[in-house]
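Coordinate analysis (summary)
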Amino acid sequence: MTLVAVRDDGPALLDGYRAAVGEGSLRTLAALARRLRGHQVVMVNSTSTGGGVAEILHRLVRLMNELGVATTWEVMPGDTRFYGITKTIHNTLHGWPGTLSDDDREHFHEMNRRAAMSLALDGDLILIHDPQPAGLVVHRRQPGQHWVWRCHIDLSRAQPDVWGFLSPIVSGYDAAVFSHVSFVPPLDLPAYLVPPSIDPLADKNRDLTPEEQEALLAPLDLPVRRPWVTQISRFDRIKDPLGVLDAFILARKREDAHLILAGGSANDDPEGAEVLAEVRERVGKRTDVSLLLLPPDAHLIINALQRRSSVVLQKSLREGFALTVSEALWKRRAVVASAVGGIPLQILHERTGLLVGSVQGCAFQVTRLLRSPDLRKRLGAEGRVHVRHNFLHPREARDYLAIFARLVEAAKG
Amino acid sequence: MTSLGEGFELHSVVHLVRPSGGRARNLESLRLWIAEATAATLFYHTVQCPLRHATSSELPADDLSAWVHGVVQDRETAERISFAVQGRAGSAADLREALLEVLEAVPEGDRFARSTAPEAEFVFLTAESVPIPTGVVAAAPAPLVEALDEAEPAVWFYHLIEEPWYAPGPPAIARWAREQGDPQLAKVLEEEARAGRGLAEMRRRVLKRWRQGRLRARVSAATRASEDERREAAHEAVVGLVRRITHTDEDPGRGEP
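Residues numbered from 1 in each chain as written. Chains lettered and ligands numbered in written order. Predicted model: local features only at pLDDT ≥ 70, side-chain atom pairs only at ≥ 80, totals over all residues. Heavy atoms only, no water.

1. Some words on the overall build of chain B
Selection rule: Labels follow the DSSP assignment, with helices taken as runs of H or I lasting at least four residues and strands as runs of E lasting at least two, numbered in each case from the N terminus. Only protein chains enter the calculation, and the probe is 1.4 Å; a residue is then buried if its accessible area is under 20% of its type maximum, exposed if over 50%, and partly exposed in between. Contacts are residue-level and defined by heavy atoms, with any inter-residue pair within 4.5 Å sufficient. All accessible areas in this document rest on Shrake-Rupley with a 1.4 Å probe, and a residue is counted as covered only by the protein chains that are shown. Charged residues are defined here as Lys and Arg on the positive side and Asp and Glu on the negative side; His and the ends of the chain fall outside this count. To locate a charge, the coordinates of NZ of Lys, CZ of Arg, CG of Asp or CD of Glu are taken.
Helix and strand content of chain B: 13 helices and three strands. Expressed as a percentage of the 257 residues in chain B, the buried residues total 50%. For chain B, the share of sequence-separated contacts (at least 6 apart) that also reach a separation of at least 24 residues comes to 75%. In the structure as shown, chain B presents an accessible area of about 12,300 Å², 53% of it carried by carbon and sulfur atoms. Charge centroids of chain B, computed over 31 positive and 40 negative side chains, lie 5 Å from each other.

Dropping the structure here:
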């Protein structure tokens, strides 16, 4: 089976989103959807479980159907070799060294050719996610169809050889969509910017009662009297956990607080284990720092940690879009973050949070926030509103629908 | 098209943003790209900014002056650009001329100085507007204002900022109010559309001025009304006041900003 059955039981998504974004935004979304009645959208990616794209698609497909835009979701099948090749493509597009042999390129096309025969791509609006199924357009495009390629990857450091292989394939699309302007490579088709979004109804972001928070956090044995300063990120050098620790140690000389560094277990990541060991060594016997290794499905715990924190940090040295910032802002948290990747779109300095460029700057802003509940409250409140308007799923759905409407109307002349 | 027969249909708008191809690394390349930029590019970096910060009580900085201030670190030129943009200068041609005048006033040598690193370059974007009829049609000025009160910021932006910027002159919504016999509302809409304030402030002022105008009209009518009519009018006023007091910003069911 390549068709993904999206759950449509339980309360309507629209009702949940109405509470989050308001009637006005949903009215616009519904009006846009009315323009696409009679059209058929097909989403295609390479997995129905795991990963951010699959998470988003489960929601978007259901939301678009609730809005009356017939939408299906197909998953491209592949063999072990294909997944090895697409892993190489993924890594090299992110900038890691590597290349594709002629055989790899041929196998990529062969798998896309076969999938083009088996997938139900009979809609007129086809949205292909990421490189794996990108080649479908070469083998299956029909007259009257509009094909859009949605790239969730930062291509700013892509290996030229691998992008040189994909670029002619992407040229077969009517439009491409990227998360951030810096991710856009030279292309001879319209490249739209659609930032990613978070789901206000997901476990990671939904409202939690004080009792739920208490029950989730109690087993972690964290101090309850001190204000928490928290960074939730994997233990990776680009997330700069050592820089966070240094900044906290400086701030701690001026204000009482507890630092929480929470991230995924590093068992399958040798470099992550190395970074974690360095952080552990630097923490030493300090009792004002907690290192938490969380399982991949600890969404509710992350939610509770963010909600209970006085300050949330994202002091990365490099970032993709960094939606963890929007997750914290949605919970009305005061956020201190580096001005890298997509963070400046989410943090408007001194309005929705504080941007920093150094360890000392981070220490200064953390101290400032710890000393001022009013500032934390003001930034958190504005941050929540900013996310409501710009970084929730209904906005992302709206942008896709607008792109489709644009393509359909342009074709009509 | 914004009017449906006798009624006026509110439109929202979505801006599809894409790179326009231009990149500036100093004031001179900024000047050259502004000279070449399409109206949609100038629109995105200046006029559209209030929509991106729809709930801000102040007019947010435009992208151009924010870059000149924050990256090129030329505060004086940034201030002049802000001032040029604040007036919105009537049309794309006027705005372009005003911006070029500011940049050409900078000595040529200074325009080349302080070139930024590639990662800090100003990337020109463009906005394709997709207007969206909301299906909300007002049959008269009073229901129109009630519908605006409930509308999202993009509706306010489309009718009072975007539409008149691309087609200079009184906004279509104000023309319609005048045609419907409400010159006072038309005047309020025209003045606030021209004022160059942030969206939240514009919304607040339009609604406040409209309600004040209605109150004046009621007081005037009440002096000629019977005791029962006066009592009923007072009751309506109290109900309206309570509704406004109990409306909080955190209620997303109401239009923001």
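Let's pick the thread back up.
2. Things to note about the pairing of strand 3 (residues 122–138) of chain B
Working note: regular strand, side chains alternate between the two faces of the sheet. All names here are of chain B. Let me state the cut-off plainly: Between any two strands, at least two bridges found by DSSP are needed for them to pair.
Burial runs high along strand 3: twelve of the 17 residues are buried. When strand 2 (residues 7–24) meets strand 3, the two strands line up antiparallel, connected through 13 bridges. What sits directly across from Phe8, in strand 3, is Ala138.

3. A few points about helix 4 (residues 80–93) of chain A
Residue and element names in this part refer to chain A. Basically, it comes down to this: Multiplying 1.5 Å by the residue count of a helix minus one yields the expected span of that helix. An arc is given here, and it is the one of the directions from the helix axis to the C-beta atoms.
Taking 1.5 Å per residue, 14 residues should reach 20 Å; helix 4 reaches 20 Å between its end C-alpha atoms and fits that length. Residues of helix 4 that are buried: Phe82, Ile85, Thr86, Ile89, Thr92 and Leu93. Angularly, the buried residues of helix 4 cover 125 degrees about the axis, an arc narrow enough to put them on a single face. Residues of helix 4 that are exposed and point over 90 degrees away from its buried face: Thr80 and Lys87. In the core, the buried residues of helix 4 are packed alongside helix 5 (102–118) and helix 7 (160–170).

4. Focus: the interface of chain A and chain B
This is how the line gets drawn: Here the buried area means the combined drop in accessible surface, using a 1.4 Å probe, for two parts upon being joined, counting both sides. We define a salt bridge as a side-chain nitrogen of Lys or Arg found within 4 Å of a carboxyl oxygen belonging to Asp or Glu. Identification of polar contacts relies on pairs of N or O atoms within 3.5 Å, with a donor-acceptor requirement for protein atoms, meaning one able to donate a hydrogen and the other able to accept it, and with residues adjacent in sequence counted only if both atoms are side-chain atoms.
Each partner contributes residues to the interface: chain A has 33 residues there, and chain B has 29 residues. Note on chain A versus chain B: buried area summed over both sides is about 2,400 Å², and carbon and sulfur give 57% of it. Glu128 of chain B is paired through a salt bridge with Arg406 of chain A; the nearest N and O atoms lie 2.7 Å apart. In this assembly, chain A and chain B are joined by nine residue pairs in polar contact (both at pLDDT 80 or more). Counting only elements with at least two residues in the side of chain A that touches chain B, the list comes to helix 1 (13–21), helix 2 (23–35), strand 6 (191–193), helix 15 (373–390) and helix 16 (393–412) of chain A. If you tally residues by element for the side of chain A that touches chain B, the top one is helix 2 of chain A, at nine residues.

5. Thoughts on the side chain of Gln132 of chain A
All names here are of chain A. Relative to the helices and strands, Gln132 is located in the loop between strand 3 (125–129) and helix 6 (136–140). Within the structure, the side chain of Gln132 is placed 3.4 Å from the side chain of Ser46, a separation counted as a polar contact. Non-local contacts of Gln132, meaning those with residues more than four positions away in its chain, are made with Ser46, Met76, Phe82, Thr86, Phe108 and Asn112.

6. Looking at the sheet that holds strand 11 (residues 334–338) of chain A
Residue and element names in this part refer to chain A. Let me state the cut-off plainly: A fitted line through C-alpha atoms serves as each axis, taken over the contacting stretch for helices, and the angle formed by two N-to-C directions is quoted from 0 to 180°.
Here six strands make up an open sheet; going across it, the order is 9-8-7-10-11-12 and the pairing parallel. Of all strands in the sheet, those with a lone pairing partner are strand 9 (289–294) and strand 12 (354–356), marking the two edges. With strand direction ignored, the average angle separating the axes of adjacent strands in the sheet is 20 degrees. In the packing of helix 14 (residues 359–371) onto the sheet, contacts are made with strand 7 (228–232), strand 10 (311–314), strand 11 and strand 12, and the angle to strand 12 comes to roughly 155 degrees.

7. Describing the packing of helix 1 of chain A against helix 3 (residues 52–66) of chain A
Residues and elements named next belong to chain A. Quick reminder of the rule: What sets the label is the angle itself: under 35 degrees gives roughly parallel, over 145 gives roughly antiparallel, 65 to 115 gives roughly perpendicular, and the rest give oblique. Amino acids are sorted into nonpolar (Ala, Val, Leu, Ile, Met, Phe, Trp, Tyr, Cys and Pro), charged (Asp, Glu, Lys and Arg) and polar (every other residue, Gly among them).
Here helix 1 crosses helix 3 at 100 degrees, and the two axes come no closer than 9 Å. It follows that helix 1 is roughly perpendicular to helix 3 by the angle criterion. Of the residues in helix 3, those in contact with Leu13, Leu14 and Tyr17 of helix 1 are Arg59, Arg62, Leu63 and Glu66. Within the contact of helix 1 with helix 3, the residues separate by chemical class into four nonpolar, no polar and three charged.

8. Regarding the environment of Gly84 of chain A
Residue and element names in this part refer to chain A. For Gly84, the position within the fold is in helix 4. Gly84 gets classed as partly exposed once you look at its relative accessible area, which sits at 37%. Note: C-alpha distance between Gly84 and His386 (302 residues apart in sequence) is 40 Å.

9. A word on unusual backbone geometry
Trans is the common state for peptide bonds, and a negative phi is the common state for residues other than glycine. All names here are of chain A. Within the chain, Asp240 stands out as a residue other than glycine whose phi angle is a positive 55 degrees. Structurally, Asp240 is set in the loop between strand 7 and helix 9 (241–252). A positive phi angle, near 65 degrees, is found at Ala322, a position not held by glycine. Relative to the elements of secondary structure, Ala322 occurs in the loop between strand 10 and helix 12 (323–330). According to the relative accessible area criterion, Ala322 is buried, its value standing at 9%.

10. Considering the pairing of strand 5 (residues 175–178) of chain A
Residue and element names in this part refer to chain A. Note the cut-off: When the strands point away from the viewer, a crossover counts as right-handed if the route from the first strand across the helix to the second turns clockwise.
Side chains Ala175 and Val177 of strand 5 all project onto a buried face; the interleaved residues Ala176 and Phe178 project onto the opposite face, where all are buried too. When strand 4 (residues 146–150) meets strand 5, the two strands line up parallel, connected through three bridges. Considered in strand 5, the bridge of Val148 is made with Ala175. At this point the chain moves from strand 4, through helix 7, to the parallel strand 5, and the crossover so formed is right-handed. Two strands pair when backbone bridges link them, and strand 5 and strand 6 are joined in this way by three bridges, in the parallel orientation.

11. Here we look at the packing of aromatic side chains
Quick reminder of the rule: Two aromatic rings from Phe, Tyr or Trp, using only the six-membered ring of Trp, form a pair when their centres are within 6.5 Å; if the ring planes differ by under 30 degrees the pair is stacked, by over 60 it is edge-to-face, and anything between is tilted. Lysine NZ or arginine CZ positioned within 6 Å of the ring centre and within 35 degrees of the ring normal marks a charge as sitting over the ring.
For the structure on display, the rule yields 15 aromatic pairs over all chains. The interplanar angle of 75 degrees and the centroid separation of 5.5 Å between the aromatic rings of Phe108 of chain A and Phe165 of chain A together place this pair among those described as edge-to-face. Placement of the pair is Phe108 of chain A in helix 5 and Phe165 of chain A in helix 7, with a sequence separation of 57 residues. Judged by relative accessible area, which is 0%, Phe108 of chain A ranks as buried. Given a relative accessible area of 9%, Phe165 of chain A falls into the buried group. Taken together, a centroid distance of 6.3 Å and an interplanar angle of 40 degrees make the contact between Trp33 of chain B and Phe124 of chain B tilted. Of this pair, Trp33 of chain B sits in helix 1 (residues 27–36) while Phe124 of chain B sits in strand 3, placing them 91 residues apart in sequence. When its relative accessible area of 35% is taken as the criterion, Trp33 of chain B is described as partly exposed. You can call Phe124 of chain B buried: its relative accessible area is 2%. Among the aromatic side chains, those forming a connected cluster through ring pairs are Phe82, Tyr83, Phe108 and Phe165 of chain A. Positioned above the aromatic ring of Trp330 of chain A, the side-chain terminus of Arg384 of chain A is 3.7 Å from the ring centre. Of note, Arg52 of chain B hangs over the ring of Tyr44 of chain B, and the distance from its end group to the ring centre comes to 4.1 Å.

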